[in-house]
Amino acid sequence: MLLVTEKKVSLSIKELDAGFGRIRDLSVSIGKLSAGDWAEEKGPTPYPSLATLREWDHTLLSRYQPFYMPFCDLCCLCTYGKCDLTGTKKGACGISMPAQQARTVLLTACIGAATHTSHARELVTYAIKRSGRDCEIDPGGNAIGVEAPVIRLVCGEKPQILADLETVLDYCESQITSLLAATHTGQEGKYLDFESKVLHAGMIDQVGMEVADLAQISALGYPKADPDAPLAALGMGTVETTKPVILVIGHNVPPAVAIIDYLAEENLTDQVEVTGICCTSVDATRYSPRAKIIGPMSWQLRYIRSGIPDVIVVDEQCVRTDAFDEAVAAGTPFIATSDKNCMGLPDRTRDPVDAIVADLSSGRAKGALILDSEKAGEVAVRVARTVMPARRKTSTALSPEAVREKAADCTRCRLCQRACPNDLAIPQGMKAAAEGDLSLLSLLYETCVGCGRCEHACTQDIPVHSLIVAAAAEKIKNEKFVIRTGRGAIQDVEIRNVGGPIVLGEIPGVVAFVGCSNFANGGKEIAEMSVEFAKRRYIVCTSGCAAMSIGMYRDEEGKTPYEQFPGSFTAGGIVNVGSCVANAHIAGATIKIASIFARRNLRGNYAEIADYVHNRVGAVGVAWGAMSQKAAAIASGFWRLGIPVVVGPHGTKYRRMLLGRADRDEDWYVHDQRTGEKVYAGPAPEHLFVAAETKEEAMVLVAKLCMRPNDTTRGRAMKLTHYIDLYQRSHGALPEDIPRYIRTTADIPVTLKGEITGILSQSGWKEQPIPDPTLLTRDMPGEGRL
């Protein structure tokens, strides 16, 4: 078959006998991907380079100035230093402290973007091998017209088949290489230009994530934009321990798919439990709802040490680097499957399956590196079935008596508590346990993040985390929840239904809970926040480990949030889009509002769409736990679209925020596209990246940051009602900045009209027009920049 497109030649030969020999399954592609019959006019910025969107970035960054809290006063990145950057001092290369801080943020964002893009490359390669280069990209059948909003917006391309995604990844990889080059000694020197590149890295990250999820949805038959995607089992208590149990950990699903496929081929599906931790498990349930999710990354130690898994299979990302050591201690055979994460194991990829199974089952080998998903899947199943009977007889789980004996060795030195990132009262729990009361240790289970630092600090070599898990054995048995499997993209019809109410402010906002909620009470707080905003008729979106945490709590009737609220993208819905890479669908939904509802061209038209989203779509991201580099990159992608992100206390450890100054009126003017005049629009949204210390503070911030200049009076009154109510619940008073968000008296919530009118009259408040807002100048009838 020969396909000639805009700038591309694709040649595919299934089988050919020629004089020089036989050719089978040959595919050759040259040039760019197909534009097909896409009639949309190409915008000004397809495939933007590092500086193409610099002007838009600087427009945002002039409002939301970076606020730095340096890690240390030194730059140690090259041997010209160490360089002291305190005060106004500069390094040997001339770099200042603000530029060095921004450079560090860029490195972090590049790590995250590279990880997602590399993940995408592996998934595209895998999907092409499985389904062919010409496999159509299908995220939702007839329900999806805008199949790849991020790719359309950034690259100006409309991918149609899997092979098209390779070209998109070529672009992503070239941009990440250039971004990393900009961090070399003697390159970029201004902090705002480093920050612009941070936003570029975030945008590339969104593209890479969208590629990854489109590839796996299309090739693996995941739910396709299905708001009624099936429920899957969640929690350690759901595991049937009378069966062999396989644990998969990581983010790259092909080994888990191979395990599920092998079980099906051998008619063993009902005889082996496939369980998972982190996003691999999320995607495994999208492939087969029979798979079970144990929990987020922080569940690894407790689950491995439980002795329940009979085989552990790891791929890449968010795998504890000591997972193999823990597996050996638990007597569990271990298989690594990614060349990014070899774990020091011997490469058995070319060895016969029978030999690997024999070595792992007998204990002659503790682990193996197998860089072939199908082979790893078969080995995992056969080993699990072989070793399970013996492992059940030699469980490593601690008995209550063993907990008491080990706790008696505690000297109450408190080094464990000092090492704990959450300052848990471990010494008190150990003292009570030594006296026979395990209840305090059991209570710690709810707030322990499973990092294991307490054990490394202990001078008595007490397995503190194991004691906490053993004390909570009854709780673990009752960890039986459900999660709605990741649905993928948002349907076009859903966007049409809610686009108007969102843009007019009558749906008060879209709140996205993402990332790992792995700090004390983090999971519970994520669940409580999501339920609170769903009850208030916001649209709640989630993904990855945050989606798991939301599912791990029940109401008084015993229902999880996924059983209480619909999975559709509508007011009051809780929408699980899938694993980490499915985050692109959340950004994509905001982009599709501009495209489908407002009929703005997407094709290579980034600044106009971002300006639309920033001024009209009341969306906010929340990352409530410790932030990996990937989470930082995801946040950066939201920032370039003008979407604020709120983080919890751990988010401050990146030592940099993007904060607005509500008191500087000159920062909050927009152009009114109807008149061309500059109009004060208020600090809406006030910040682009901000931290909250408590759940209550975060909810107040979310409600406030959902306000946008385009809100109608009815919409603004609704948003103010939620903001004021949450603020009063948290602070016991009305917020002092109310006058900044009221443009006309019609904005005032009816139930608070008397109180707020009094505040306005005392503050010198003046009525302001409601603009048709933009921060861009090229669409303006007049001249000049803001």
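Reading the values: the criteria
- Residues numbered from 1 in each chain as written.
- Predicted model: local features only at pLDDT ≥ 70, side-chain atom pairs only at ≥ 80, totals over all residues.
- Heavy atoms only, no water.
- Helix = DSSP H or I, 4+ residues; strand = E, 2+ residues; numbered from the N terminus.
- Rg over C-alpha atoms; globule rule 2.2 N^0.38 Å.
- Buried < 20%, exposed > 50% of the residue type's maximum accessible area, 1.4 Å probe, protein only.
- Contact = heavy atoms within 4.5 Å.
- Areas by Shrake-Rupley, 256 points an atom, 1.4 Å probe, with all protein chains shown as cover.
- Lys, Arg positive; Asp, Glu negative; His and termini not counted.
- Charge placed at Lys NZ, Arg CZ, Asp CG, Glu CD.
- Pairing = 2+ DSSP bridges.
- Axes fitted to C-alpha atoms, helices over the stretch in contact; angles between N-to-C directions.
- Parallel < 35°, antiparallel > 145°, perpendicular 65-115°, else oblique.
- Nonpolar A, V, L, I, M, F, W, Y, C, P; charged D, E, K, R; others polar.
- pLDDT = per-residue confidence, 0-100.
- Disulfide = S-S within 2.5 Å.
- Salt bridge = Lys/Arg side-chain N within 4 Å of Asp/Glu carboxyl O.
- UniProt positions renumbered as here; feature names shortened; annotations may be inferred.
- Core = buried A, V, L, I, M, F, W, Y, C linked by side-chain atoms within 4.5 Å.

Novice: Now, about the overall build of the protein: what can you tell me, with residues and values included?
Specialist: Secondary structure summary: the protein contains 29 helices and 24 strands in total. A compact globule built from 786 residues should have a C-alpha radius of gyration of about 28 Å, and the protein, at 27 Å, falls within 12% of that. Once the C-alpha set of the protein is aligned to its principal axes, its extents read approximately 85 × 80 × 60 Å. Per-residue burial over the protein gives 62% buried out of 786 residues. Sequence separation of at least 24 residues holds for 75% of the intrachain contacts in the protein that already meet a minimum separation of 6. As displayed, the protein offers around 29,400 Å² of accessible surface, 51% of which is attributable to carbon and sulfur atoms. Of the side chains in the protein, 86 bear a positive and 93 a negative charge, and the two mean positions are spaced by 2 Å.

Novice: Which residues make up the sheet that holds strand E21 (residues 669-672), and what values go with them?
Specialist: Spatial strand order, E22-E21-E24: three strands in an open sheet with antiparallel pairing. Edge positions in the sheet fall to strand E22 (678-680) and strand E24 (773-774), since each has one partner strand and no second. Across three bridges, the pairing between E21 and E22 is antiparallel. Each residue of the ladder has a partner; that of valine 670, found in E22, is valine 679.

Novice: For the packing of helix H19 (residues 492-503) against helix H23 (residues 583-597), give the residues involved together with the corresponding values.
Specialist: Packing of H19 against H23 brings their axes to within 9 Å, and their N-to-C directions diverge by 90°. Overall, the two elements H19 and H23 adopt an arrangement that is roughly perpendicular. Residues Asp492, Ile495, Arg496, Gly499, Gly500, Ile502 and Val503 of H19 form the contact with H23, whose own contacting residues are Ala589, Lys592, Ile593, Ile596 and Phe597. Of the residues contributing to the contact of H19 with H23, the split by class is seven nonpolar, two polar and three charged.

Novice: Describe the confidence of the model for the protein, naming the residues involved and giving the relevant values.
Specialist: Here the protein shows a mean pLDDT of 92. Residues at 70 or above account for 93%. Scored below 50 in pLDDT, residues 1-7 makes 19 contacts in the model with residues more than four places away or belonging to other chains. Low confidence marks residues 780-786, where pLDDT is under 50. Its contacts with residues over four positions away, or in another chain, come to 21 contacts.

Novice: Tell me about the state of the cysteines, residues and numbers included.
Specialist: All chains considered together, the criterion is met by zero disulfides. Free cysteine cysteine 155: the closest other cysteine sulfur is in cysteine 172, separated by 6.1 Å. Free of any disulfide, cysteine 458 has its nearest cysteine sulfur in cysteine 413, 6.5 Å distant. Under the relative-accessibility criterion, cysteine 458 is labelled buried at 15%.

Novice: Go over the pattern of salt bridges, please, and point to the residues and values.
Specialist: For the structure shown, the criterion picks out 53 salt bridges. Residue aspartate 170 pairs with arginine 121 through a salt bridge whose shortest N-O separation is 2.8 Å. Here arginine 121 lies in helix H2 (residues 97-131) and aspartate 170 lies in helix H4 (residues 162-181), a separation of 49 residues in the sequence. Residues joined in a network through salt bridges with shared partners are Arg348, Asp351, Asp359 and Arg364.

Novice: Any details on the UniProt feature "binding site: CO" (unreviewed entry) in the protein? Residues and values, ideally.
Specialist: Look at the UniProt record and you will see "binding site: CO" (unreviewed entry) annotated at His116. Relative to the helices and strands, histidine 116 resides in helix H2. Taking relative accessible area as the criterion, histidine 116 reaches 0% and is therefore assigned buried.

Novice: Help me get a handle on unusual backbone geometry, residues and values and all.
Specialist: The omega angle of the peptide bond from glycine 81 to lysine 82 is 25°, so this bond is cis rather than trans. The topology assignment puts lysine 82 in the loop between strand E5 (74-75) and strand E6 (83-84). Here the amide bond leading from alanine 684 into proline 685 is cis, since omega sits at 0°, within 30 degrees of zero. Structurally, proline 685 can be placed in the loop between E22 and strand E23 (689-691). With a phi close to 55°, asparagine 267 is a non-glycine residue in the positive phi region. With respect to the helices and strands, the residue asparagine 267 is situated in the loop between helix H6 (254-265) and strand E9 (273-277). Judged by its relative accessible area of 65%, asparagine 267 is exposed. Phi is positive for methionine 343, close to 60°, though the residue is something other than glycine. Positionally, methionine 343 belongs in the loop between strand E12 (334-336) and helix H10 (353-362).

Novice: Tell me about the nonpolar core, and please be specific about residues and values.
Specialist: Among the nonpolar cores identified, the biggest contains 110 residues, and Ile151, Val211, Ile502, Ile539, Phe569, Tyr606 and Trp639 are the most heavily contacted of them. Once residues lying within four places of it in the same chain are set aside, the contact partners of tryptophan 639 are Leu60, Val198, Leu199, Val645, Arg656, Leu658, Leu688 and Phe689. Cys516, Val700, Met707 and Leu752 belong to the second-largest nonpolar core, a separate cluster that totals 103 residues.

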